[in-house]
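# Breakdown of the fold
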Amino acid sequence: MEVALEGVELRLVRMPLAEPFVTAHGTRRRRDVVVVRALVEDGPDGWGECVAEPEPTYWPEYTAGALHVLEHHLVPRLLAGRSLRQIRGHHMAKAALECAALDAGLRSEGRSMASFLGATRPVVPTGIALGIMPTVDDLVDAVLRWHGQGHRAFKIKIQPGWDLDPLRAVRMTVGDEVALLADANGSYRSDAIDHLATLGRLADRDLGLVAIEQPFAPDDLVGHARLARRVDVPVCLDESIGSLAQLDTALELGACGAVSLKAGRVGGLVEARRIHQRCRDAGIKLRCGGMLETGLGRALNLAVAALPGCNLPPDLGPSSRYFTSDLTPPFESRGGTMIVPDGPGLGVEPVPEVLETMTVSRRTLRADT
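Residues numbered from 1 in each chain as written. Predicted model: local features only at pLDDT ≥ 70, side-chain atom pairs only at ≥ 80, totals over all residues. Heavy atoms only, no water.

### A few points about the packing of helix H7 (residues 221-230) against helix H8 (residues 244-253)
In contact at an axis separation of 9 Å, H7 and H8 are set at 40° when each is read in the N-to-C sense. On the basis of the axis angle, H7 is oblique to H8. The crossing of H7 and H8 is right-handed. Residues Leu-221, Ala-225 and Arg-229 of H7 form the contact with H8, whose own contacting residues are Thr-249, Ala-250 and Leu-253. Here the contact of H7 with H8 is composed, by residue class, of four nonpolar, one polar and one charged. (Axes fitted to C-alpha atoms, helices over the stretch in contact; angles between N-to-C directions. Helix = DSSP H or I, 4+ residues; strand = E, 2+ residues; numbered from the N terminus. Parallel < 35°, antiparallel > 145°, perpendicular 65-115°, else oblique. Left-handed = near helix turned anticlockwise from the far one by under 90°. Contact = heavy atoms within 4.5 Å. Nonpolar A, V, L, I, M, F, W, Y, C, P; charged D, E, K, R; others polar.)

### Some remarks on the pattern of salt bridges
Applying the stated criterion across every chain yields a total of 24 salt bridges. Here Lys-155 makes a salt bridge to Asp-183, at a shortest N to O gap of 3.3 Å. A residue pair is termed long-range when its members are at least 10 positions apart, and Lys-155 in strand S6 (residues 153-157) and Asp-183 in strand S7 (residues 179-183) qualify at 28 residues. Of the two residues examined, Lys-155 and Asp-183, each falls in the buried class. The salt bridge partner of Arg-278 is Asp-248, with a shortest N-O separation of 2.4 Å. Of this pair, Arg-278 sits in helix H10 (residues 269-282) while Asp-248 is found in helix H8, placing the two residues 30 residues apart along the sequence. When salt bridges that share partners are traced, they join Lys-155, Lys-157, Asp-183, Glu-213, Arg-287 and Asp-315 into one network. (Salt bridge = Lys/Arg side-chain N within 4 Å of Asp/Glu carboxyl O. Buried < 20%, exposed > 50% of the residue type's maximum accessible area, 1.4 Å probe, protein only.)

### A short note on the pairing of strand S1 (residues 5-23)
Pairing of S1 with strand S2 (residues 26-40), which is carried by 14 bridges, proceeds in the antiparallel orientation. Each residue of the ladder has a partner; that of Thr-23, found in S2, is Gly-26. Of the strand pairs in this sheet, S1 and strand S13 (residues 359-366) are connected by seven bridges, and their pairing is antiparallel. What sits directly across from Arg-11, in S13, is Arg-362. (Pairing = 2+ DSSP bridges.)

### Considerations on the nonpolar core
Core analysis: the largest hydrophobic core is formed by 91 residues, its most contacted members being Met-113, Leu-130 and Phe-154. The element that contributes the greatest number of residues to this core is helix H11 (residues 295-305), accounting for seven residues. The residues touching Met-113, leaving out its near neighbours within four places in the chain, are Leu-102, Leu-106, Leu-269, Leu-300, Ala-303, Gly-345 and Leu-346. Core analysis: the second largest hydrophobic core is formed by 29 residues, Leu-12, Cys-50, Trp-59 and Leu-67 among them. (Core = buried A, V, L, I, M, F, W, Y, C linked by side-chain atoms within 4.5 Å.)

### Things to note about unusual backbone geometry
Its identity is not glycine, yet His-90 carries a phi of approximately 55°, on the positive side. As for its placement among the helices and strands, His-90 is situated in the loop between helix H1 (63-79) and helix H2 (91-109). Backbone geometry at Leu-292 places phi at a positive 55°, although glycine is not the residue there. Relative to the elements of secondary structure, Leu-292 occurs in the loop between strand S11 (285-288) and H11.

### Side note on the sheet that holds S11
Taken in spatial order, the seven strands make up an open sheet running S5-S6-S7-S8-S9-S10-S11, and their pairing is parallel. Of all the strands in the sheet, the pair left with one neighbour each is strand S5 (128-130) and S11. Each neighbouring strand pair of the sheet contributes to a mean axis angle of 25°, computed without reference to strand direction. Sheet topology note: the S5/S6 ladder contains three bridges and is parallel. Residue pairing across strands places Leu-130 opposite Ile-156, the latter belonging to S6. Along the sheet face, helix H5 (residues 164-174) touches S6, S7 and strand S8 (209-213) and points at about 170° away from the line of S7.

### Brief notes about H10
Compared with an ideal rise of 1.5 Å per residue, which puts 14 residues at 20 Å, H10 spans 20 Å between its outermost C-alpha atoms and is within 8% of the ideal. Positive phi appears at Gly-283, one or two residues downstream of H10, with a value of about 75°. (Expected span 1.5 Å × (residues − 1).)

### Considering the pairing of S7
The element S7 is largely enclosed, with a buried count of five among its five residues. Relative to S7, S6 is paired through five bridges, and the arrangement is parallel. Residue pairing for S7: Ala-153 is matched across the bridge by Ala-179. What joins S6 to S7 is H5, and the crossover it makes is right-handed. (Right-handed = clockwise from strand over helix to strand, strands pointing away.)

Shown next as structure tokens:
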């Protein structure tokens with residue numbers, strides 16, 4: 001599809017989180033988001049969201065850097081009809097720009113993002129991600145609150161000193177019918193492999209984990225491969241997979257049995273679809289990961305989670321899990337599931353009043369400037 005862009009609007013939007021979110025990387029109390037709007041001549045505009053975080057702790061990119069590279073390098077090249085491949089890295093910024101342009105094209109065709117990707121399910125299960133909390137009792141209370149609303153899959157953040165006890169407490173509380181995944185965000189050193197191997201054996205036998213996600217640093221594929229050979233529960237790679245080439249390396253080493261697929265992390269939907277297909281061909285489990293997205297990113301993630309082969313619980317919860325007021329009309333859950341948008345493009349767009357209220361800065365680049 002081709003759309004004639006007359007310009008691109010870049011906004012920095014600041015959104016308070018409904019409650020602090022704590023991981024091994026730190027505590028988040030707000031979400032600073034770069035929102036990209038593709039301005040189209042004689043057609044509907046398109047929207048994209050950059051998933052970069054304020055600090056380069058999860059990924060080398062960060063919010064201010066993404067905004068800078070979009071304004072000074074990516075958008076000017078796109079509007080001039082030049083290839084973006086000359087710009088190395090900056091996957092999250094590229095993904096936001098790609099999504100906005102693709103959203104505009106699909107809206108003009110009246111075609112949904114889900115149908116474009118090849119999604120096969122109209123609804124997907126929810127998955128509630130819960131951060132590190134002051135006490136195990138606090139974590140159990142949070143699980144019970146969301147469990148009481150119908151959610152049956154949870155991702156529990158872990159780190160050294162906060163792993164076996166909280167996982168065991170959650171499992172004992174909710175029983176065997178709930179899916180649990182442990183996510184370390186790369187917080188363990190490879191010399192902790194004996195401890196994690198023990199945790200992995202317990203995960204398979206007693207804790208019933210569906211996967212252990214990113215225990216070691218992103219570049220420690222050898223450590224992940226060693227752990228994968230010692231446990232039956234799948235080792236799920238997240239930060240380690242930024243491209244199809246990195247996935248191929250991980251598969252060659254036997255470093256994973258599952259992948260957390262985030263379109264924003266791998267550079268956009270084109271690369272995400274290639275990674276998705278390679279995982280399916282290799283028999284690798286897939287889950288759609290999340291980055292505390294607004295409704296724009298949540299709509300995209302729902303379309304990805306509805307792809308065939310995404311067979312592990314995703315990072316998808318209702319808008320109220322993250323924000324008291326979302327950029328878009330809020331996404332709600334129904335009995336532990338969420339509806340995949342079927343409207344044109346992403347199927348949602350920002351509420352103008354909310355967008356204006358939360359905008360910190362705005363810059364529009366035109367094709368003729």
